[in-house]
Amino acid sequence: MIPETFLENLLKDYPNAPGFYDEVFDENKYIREHYRKITDHLAKIRLEDFQNMNEYARRSSFEQGITFNVYSDTSQGVERIFPFDLLPRIIPAKEWDTIERGLAQRNLALNMFLKDIYNEKKILKDKVVPKELLFSSQHYSKYMMDFVPYSQVYVHISGTDLIRHSDGEYYVLEDNLRTPSGISYVLSNRISTKRILPTLFFNSNVQPVVDYSESLLEVIKSVAPQGVDDPVCVVLTPGVYNSAYYEHALLALQMGMQLVEGRDLYVDHNFVYMKTIHGPKKVDVIYRRVDDDYIDPLAFRPDSTLGVPGLMTAYRQGNVNLVNAPGTGVADDKAVYTYVPDIIRYYLNEEPILKNVHTYRCEKDNDLNYVLEHLNELVVKPVDESGGYGIFIGNKASQQELRDFKEVIKANRRKYIAQPTMALSVHATYIEETGMFEPRHIDLRTFTLSGDRSTYVCKGGLTRVALRKGNLIVNSSQGGGSKDTWVLQDE
Amino acid sequence: MVTYQVIYEAENHYEHEVTEALFKFLVLPCTDDTQEVLEETVENSLDLPVFHASNVFGYQLICIRVAQPFQHFKLKVSCTVRKKTTGMLHITEESLPLEEELKVLQSEDFIVDHFLYIQQTSLTDLPVARIPRDLLFQKDKPLFDYITDLNSRLHNMMEYQTGVTTFSTRACDVLDNPRGVCQDYTHLMLGILRQQQIPCRYVSGYLNQGQVFLGSLQMHAWLEVYIPSMGWVGVDPTNNMMSDQHYIKVADGADFDDCSPLKGHIRPTGPNTTSHTVEVVEQSQQQQQ
Amino acid sequence: MLSRTANSLFWIGRYIERIEHLSRYINVQYLSSSDAPRAFNKQLMLESMLYMAHAWDSYHACNSGMYDNHVVYFLTIDDKNPFSVKNYVGLTRENARGIRNNITTELWESINRFYHTTKGFNRDSLEKKGPYDFCKTVMESTTIIKGVADDTLLHNEAWSMIKTGIHLERAIQITQIILSKLNDIKATGHSPMSQAINSYHWAALLRSSGGLDVSRNFYGGVPPSRERAISFLVLNDKFPKSVLFNLQKLKTDLNIISNNKPITPDCVEFTIGKLTAKMDYCTLDEILNNEEEFVLTLQEDLIQIGVQLEKQYLTY
């Protein structure tokens, strides 16, 4: 018997996913143009070899220690790997060009928005964004008022989540402006593909992602306090028990920075120092991966042991810069999200390049009525929770659950927004349990860097895969996997 | 003009040895239109250098980092403050007509610029339904008159009593049980005014101990209300007074949390006690009548 | 370098070295007891293991009776014993994880692989095969890790911190092994020691420190004796496990760390120099006069060096 090949397996019995955009196949089940090269290449590979490669990829992540901790009520810190699917997601050059311009535009406007709302507040006075929305946000930080960080950048690193809807268009699902994570998976997925599919990769004209750490280093250095020629920059991590610790360590290593914890730093005379074996050393820029609430126990949560007492005072004094600035969470609030197109028009006088998902705001009477009537077609999200928790998916709920949730919404209208269920596109993904390729929902976490007069968009990103069949939430803490994302160069 | 000698002392005791600490004291009188600090000395029991920093509102903090084992820490701040004005502070003009006052207070720009002093905090928040009607602004007189009226109503309604409230007592608790000290009076009045969108802020400072004022033995709290054309006007419901040359301001903010005289972080954490003493002595009596 | 980083590097070195000596000791005791002279029974062998690992009390706190599979399990992979080899490996990895960016990918991966390998051993496999397989794997891994550290790290202060931990711990472990063996000899010796038993013990001592073959070579095939064994383990400046050798290495390690700063009497470099000089000019007779007391004092001095070193460089 002739051994089955990768391609035969891919084509054989590949189920349709009606109502969703399939990234690999068109409506007639033909392989899309930009996937031809890879399928032609893989056509020669036996299924068994592909399975071996898949297993090798898994082991490679384990040995590299690319594991994350999952916290739940029952167990603490179980180490798991974030499963990596060998078949890459491919984005043609033209599509990517639009995405890239859209991301740069969006992040520029959001940075201007942050500067405005913490200083002049013009957009509020002009009633483009309702003031109540910001003033009631727990992320609107008193500590940022009447203060502009160096280079006027608030969000140096932004993780914008994109999806492709059934209409074939990309939509922004959410902005992550606080301490977005995931880039380490982008880098290590790329290493894995290069190791496992070297010839294919080198023949495919894929845009590099390795320049991310270099660009990040440049951005961090570019926002150092004025007058510091050779700034000392560090990465501040909550420690080894943080789920993204691997990423903090990897970035520090690649950028040649010290990876510090709160207890390694202290503030004296409004400067920040780290404790070294040869005494104190002044620190100029902190790429902090510790949340706002924890970075300074004298300003925010007094019980925090992860932060540096007095840091906010040193920051406002201009003696140290923080990447990202505190208080940026106010702009990635899910309720503010719905105003981003207006924000772009207001500051840049341009039409938004990337689409926003239509959003119903439960605090508005008309929207609330619509939401209550169409709850079964909508996804309802709390505006103040991250990580995919607390999401209510209308079409998966029972009648009783729908009734109950309506009451929940009515009781706390500002807390909830609703959006139509976006039909996340699907991508052929190797499923270990069945030994077959099956369509799975995907999204794309992109990474945009903003420094002093420079913007960089990582050409690629983290394609997250919902490994459970039919699951729409693609998040590492909710049983997802990932794919390498290939942005093709113009030929 | 009056000159005061102000002495603030804090003493901390720790049950277990502390190896690392950062303290921030918000106790130094500020310099503004009404007063200036002429001289300032800071001493501490560990003989460590101190440094200054600005808080979010621009007020001077005295900070000290300790990086040696200790169980006891004492700080003494002495300064000479001169009040530049006498009588009621801040008032430069007559009240505007009520209608114009309301127009200012209700304008979008004004609300956006002053939201911090209009928005309730967890310490000042009050359910509107529970505020007695006679404490609300009936809009039948200028704002200034309502403020003085409310000041004396609250003064009469409350009973001054120490030891019944803490730093975390909220305005709504005070409404239920109208007893407490200066910060309780202040939080309650802030809560009532903010409920009506009238901007007002918490003020911490010292009182002339030569007068018969309640609360002068410790740091005092009162509030400032924004009155169009007049600016920030100091009101002290504890003593039913408008702030005058007997009031020495340290800082202001949204509520007590912004004005807390001492914030510190120690490693390792453990039980501790703090005591504060305050001495305010009038130095010259050459008041201009 | 951050003090916390230095602290982790130092302890990686110490744990790796401790793991290696503990495994070697367990392995050697277990194997050589099978062909030991009658006076040295199994019971003594197990007591010797517990003594060497400072685990007598903790073992008896959660075990009743001395059975070889219990003792071996307790010392190697018992999660409940905080000082089991497996838990030391876990601590090594935690330290490495905490300073992931200060070590090379190669070093991290070798430590991470070591961790996953030791995790793969369980009670069943240990009882079926005895400790040999486990100990052998562990010793090979520690050798690999040390080699990877030497070959991939910059030979700067970070590397020197690991080396400092290794050299200090090794000197301490050697003194501990000597003390354990002296203890064994005491336990077997009601009657004057016969030549055979005598030779057996000194050979076991040398084997437990991984020095039997090289010492035979060094002494031209003359069988081990008290004088030769002690002299070899304490004073031989060519034998990489001797106390003197490691003290001299400690001096060079710290030179890199302190960047050849002038030495003052209150610093750890001074203490080390003083102890090295003392050992350099120490005669064998001085030791043999009362070897137990001598080695105990030496061990105490080494432990104090560790304390002083932590105070000077590693507090954060």
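Residues numbered from 1 in each chain as written. Chains lettered and ligands numbered in written order. Predicted model: local features only at pLDDT ≥ 70, side-chain atom pairs only at ≥ 80, totals over all residues. Heavy atoms only, no water.

## A few points about the confidence of the model for chain A
Residues of chain A with pLDDT of at least 70 account for 91%, and the chain-wide mean is 88. The weakest mean pLDDT in chain A belongs to strand β1 (residues 67–70) of chain A at 49; the strongest belongs to strand β11 (residues 285–288) of chain A at 98. (pLDDT = per-residue confidence, 0-100. Helix = DSSP H or I, 4+ residues; strand = E, 2+ residues; numbered from the N terminus.)

## Observations regarding the state of the cysteines
Residues and elements named next belong to chain B. For the structure shown, the criterion picks out zero disulfides over all chains. Unpaired in this structure, Cys30 has its nearest cysteine sulfur neighbour in Cys259, at a distance of 10 Å. By relative accessible area, which is 8% here, Cys30 ends up buried. No disulfide involves Cys63; its sulfur sits 16 Å from the nearest other cysteine sulfur, which is in Cys259. Under the relative-accessibility criterion, Cys63 is labelled buried at 2%. (Disulfide = S-S within 2.5 Å. Buried < 20%, exposed > 50% of the residue type's maximum accessible area, 1.4 Å probe, protein only.)

## Brief notes about the interface of chain C and chain A
Contacts between the two partners involve 27 residues from chain C and, on the opposite side, 24 residues from chain A. Here chain C packs against chain A, burying approximately 2,300 Å² in sum over the two surfaces, 47% of which is carbon and sulfur. The largest share of the area that chain C buries against chain A comes from Leu2, Arg97 and Asn101 of chain C, three residues that together contribute 29% of it. There are two salt bridges connecting chain C and chain A. Residue Glu261 of chain A pairs with Arg4 of chain C through a salt bridge whose shortest N-O separation is 3.2 Å. Our count for the contact surface shared by chain C and chain A stands at 13 residue pairs in polar contact (both at pLDDT 80 or more). Elements supplying a minimum of two residues to the side of chain C that touches chain A: α1 (3–33), α5 (85–98), α6 (105–119) and α13 (243–258) of chain C. Of all the elements, α6 of chain C adds the most residues to the side of chain C that touches chain A, at six residues. Looking at the side of chain C that touches chain A residue by residue, the class counts come to nine nonpolar, nine polar and nine charged. (Contact = heavy atoms within 4.5 Å. Buried area = accessible area lost by both parts, 1.4 Å probe. Salt bridge = Lys/Arg side-chain N within 4 Å of Asp/Glu carboxyl O. Polar contact = N/O pair within 3.5 Å; in protein donor to acceptor, adjacent residues only side chain to side chain. Nonpolar A, V, L, I, M, F, W, Y, C, P; charged D, E, K, R; others polar.)

## A few points about the side chain of Glu101 of chain B
All names here are of chain B. As for its placement among the helices and strands, Glu101 is situated in helix α1 (residues 98–106). The buried charged residue Glu101 lacks any salt bridge partner; its closest oppositely charged side chain belongs to Lys139, at an N-O distance of 11 Å. At 2.9 Å, the side chain of Glu101 and the backbone nitrogen of Leu143 are in polar contact. When sequence neighbours within four positions are dropped, the list of residues in contact with Glu101 reads Ser95, Leu96, Pro142, Leu143, Ile227 and Pro228. (Lys, Arg positive; Asp, Glu negative; His and termini not counted.)

## A word on helix α14 (residues 268–280) of chain C
In this model, α14 of chain C (13 residues) spans 18 Å end to end at C-alpha, consistent with the 18 Å of a helix rising 1.5 Å per residue. Buried residues along α14 of chain C sit against α12 (226–235), α13 and α16 (291–314) of chain C. (Expected span 1.5 Å × (residues − 1).)

## Regarding the sheet that holds strand β15 (residues 272–282) of chain B
Residues and elements named next belong to chain B. Strand order across the open sheet formed by four strands is β3-β6-β1-β15, with antiparallel pairing between neighbours. Edge positions in the sheet fall to β3 (35–44) and β15, since each has one partner strand and no second. Looking at each pair of strands side by side, their axes are set apart by 15° on average, direction ignored. The pairing of strand β1 (residues 2–18) with β15 spans eleven bridges and is antiparallel. (Pairing = 2+ DSSP bridges. Axes fitted to C-alpha atoms, helices over the stretch in contact; angles between N-to-C directions.)

## A closer look at the pattern of salt bridges
Applying the stated criterion across every chain, the model contains 62 salt bridges over all chains. The salt bridge involving Arg101 of chain A is made with Asp97 of chain A; its shortest N-O contact spans 3.4 Å. Here Arg101 of chain A pairs with Asp97 of chain A, and both are found in helix α4 (residues 93–118), just four residues apart, close to one helical turn. A residue is classified by how much of its surface remains accessible, and Arg101 of chain A, at 43% relative accessible area, is partly exposed. With a closest N to O distance of 2.9 Å, Arg345 of chain A and Glu351 of chain A form a salt bridge. For Arg345 of chain A, a relative accessible area of 34% puts it in the partly exposed group. On the basis of relative accessibility, which here comes to 53%, the residue Glu351 of chain A falls in the exposed class. Here the salt bridges do not stand alone but share partners, grouping Glu17, Glu20, Arg24, Lys146 and Arg170 of chain C into one network.

## Regarding the interface of chain A and chain B
Taken residue by residue, the interface counts 28 residues in chain A and 26 residues in chain B. For the pair chain A and chain B, the two sides together bury roughly 2,400 Å², of which 61% comes from carbon and sulfur. On the chain A side of the interface with chain B, the three residues burying the most area are Lys125, Lys142 and Leu298 of chain A, jointly 27% of the side's total. Glu20 of chain B is the partner of Lys275 of chain A in a salt bridge, and the nearest nitrogen-oxygen pair spans 3.0 Å.

## Some words on the nonpolar core
Of all hydrophobic cores here, the largest spans 102 residues; its most connected members are Phe113, Ile117 and Ile286 of chain A together with Leu193 of chain B. At seven residues, helix α6 (residues 182–195) of chain B tops the list of elements feeding residues into this core. Not counting chain neighbours up to four residues away, the residues in contact with Ile286 of chain A comprise Val234, Leu236, Leu265, Val272, Leu311, Val320, Asn321, Leu322 and Val323 of chain A. Counting residues in hydrophobic clusters, the runner-up holds 96 residues, among them Ile16, Leu50, Phe134 and Val295 of chain C. (Core = buried A, V, L, I, M, F, W, Y, C linked by side-chain atoms within 4.5 Å.)

## Topic: the pairing of strand β9 (residues 200–207) of chain B
All names here are of chain B. Taking burial as the measure, the eight residues of β9 include eight buried ones, the bulk of the element. Examined bridge by bridge, β9 and strand β10 (residues 220–227) share six bridges and lie antiparallel to one another. Following the sheet pairing, Gly205 is matched in β10 by His220. Alignment of β9 against strand β13 (residues 247–253), held across six bridges, turns out to be antiparallel. Across the sheet, the residue bridging to Tyr206 is Ile248, located in β13.

## Here's the deal with the packing of aromatic side chains
As enumerated under the stated definition, the model contains 45 aromatic pairs over all chains in all. Seen from their ring centres, Tyr14 of chain A and Phe25 of chain A are 4.8 Å apart, and the 40° between their planes marks the pair as tilted. One end of the pair, Tyr14 of chain A, is in the loop between α1 (6–11) and α2 (36–42); the other, Phe25 of chain A, is in the loop between α1 and α2, and eleven residues separate them in sequence. Tyr14 of chain A gets classed as buried once you look at its relative accessible area, which sits at 4%. Taken together, the aromatic side chains of Tyr8, Tyr14, Phe23, Phe25, Phe70 and Phe73 of chain B make up a single cluster linked through ring pairs. The ring centre of Tyr117 of chain B lies 5.9 Å from the NZ or CZ of Arg201 of chain B, which sits over that ring. (Phe/Tyr/Trp six-rings, centres within 6.5 Å; stacked < 30°, edge-to-face > 60°. Lys NZ or Arg CZ within 6 Å of the ring centre and 35° of its normal.)

## Here we look at the sheet that holds strand β10 (residues 279–283) of chain A
Across a sheet, strands are paired by hydrogen bonds formed along the backbone, either parallel or antiparallel in direction. Residues and elements named next belong to chain A. Spatial ordering of the open sheet is given by β8-β9-β10, a layout of three strands whose pairing is antiparallel. Strands with a single pairing partner mark the edges of an open sheet, and in this sheet they are β8 (265–268) and β10. Averaged over all pairs of adjacent strands, the angle between their axes in this sheet comes to 40°, without regard to strand direction. Both β8 and strand β9 (residues 271–276) contribute to a ladder of four bridges, which runs antiparallel. Note on β9: the bridge partner recorded for Tyr266 is Tyr273.

## Concerning unusual backbone geometry
Residues Val323 of chain A and Asn324 of chain A are joined by a peptide bond in cis, for which omega reads -15°. Position of Asn324 of chain A among the secondary structure elements: in the loop between β12 (321–323) and α13 (329–332). In this structure, the amide linkage connecting Arg267 of chain B to the following residue, Pro268 of chain B, adopts the cis form with an omega of -10°. Residue placement: Pro268 of chain B occurs in the loop between β14 (262–267) and β15. Phi angles above zero are rare outside glycine, and Arg453 of chain A is one such case at about 65°.

## Comments concerning the domain arrangement of chain A
All names here are of chain A. Once the domains are mapped, chain A shows domain 1 (1–207 + 332–357 + 422–491), domain 2 (226–319) and domain 3 (358–420). Computed over C-alpha atoms, the centres of domain 1 and domain 2 are 28 Å apart. Listed as interface residues are 24 residues of domain 1 and, on the opposing side, 23 residues of domain 2. The three residues of domain 1 that bury the most area against domain 2 are Tyr143, Tyr150 and Thr179, which together make up 32% of that side's buried surface. The tally of links between domain 1 and domain 2 comes to zero salt bridges. If you look at where domain 1 meets domain 2, you find six residue pairs in polar contact (both at pLDDT 80 or more). If you list the elements that add at least two residues to the side of domain 1 that touches domain 2, you get β1 and α7 (183–196). The residue inventory of the side of domain 1 that touches domain 2, partitioned by class, reads 13 nonpolar, nine polar and two charged. (Domains from an automatic or database assignment.)

## Details of the packing of helix α4 (residues 143–157) of chain B against α6 of chain B
Residues and elements named next belong to chain B. Orientation of α4 relative to α6, taken along the N-to-C sense of each, is 135°, at an axis distance of 11 Å. The orientation of α4 with respect to α6, classified from their angle, is oblique. Taken as a pair, α4 and α6 cross one another with a handedness that is right-handed. Contact residues: Tyr146, Ile147, Leu150, Asn151, Leu154, His155 and Met157 in α4; Tyr185, Leu188, Met189, Ile192 and Leu193 in α6. Taken together, the residues of the contact of α4 with α6 sort by class into ten nonpolar, two polar and no charged. (Parallel < 35°, antiparallel > 145°, perpendicular 65-115°, else oblique. Left-handed = near helix turned anticlockwise from the far one by under 90°.)

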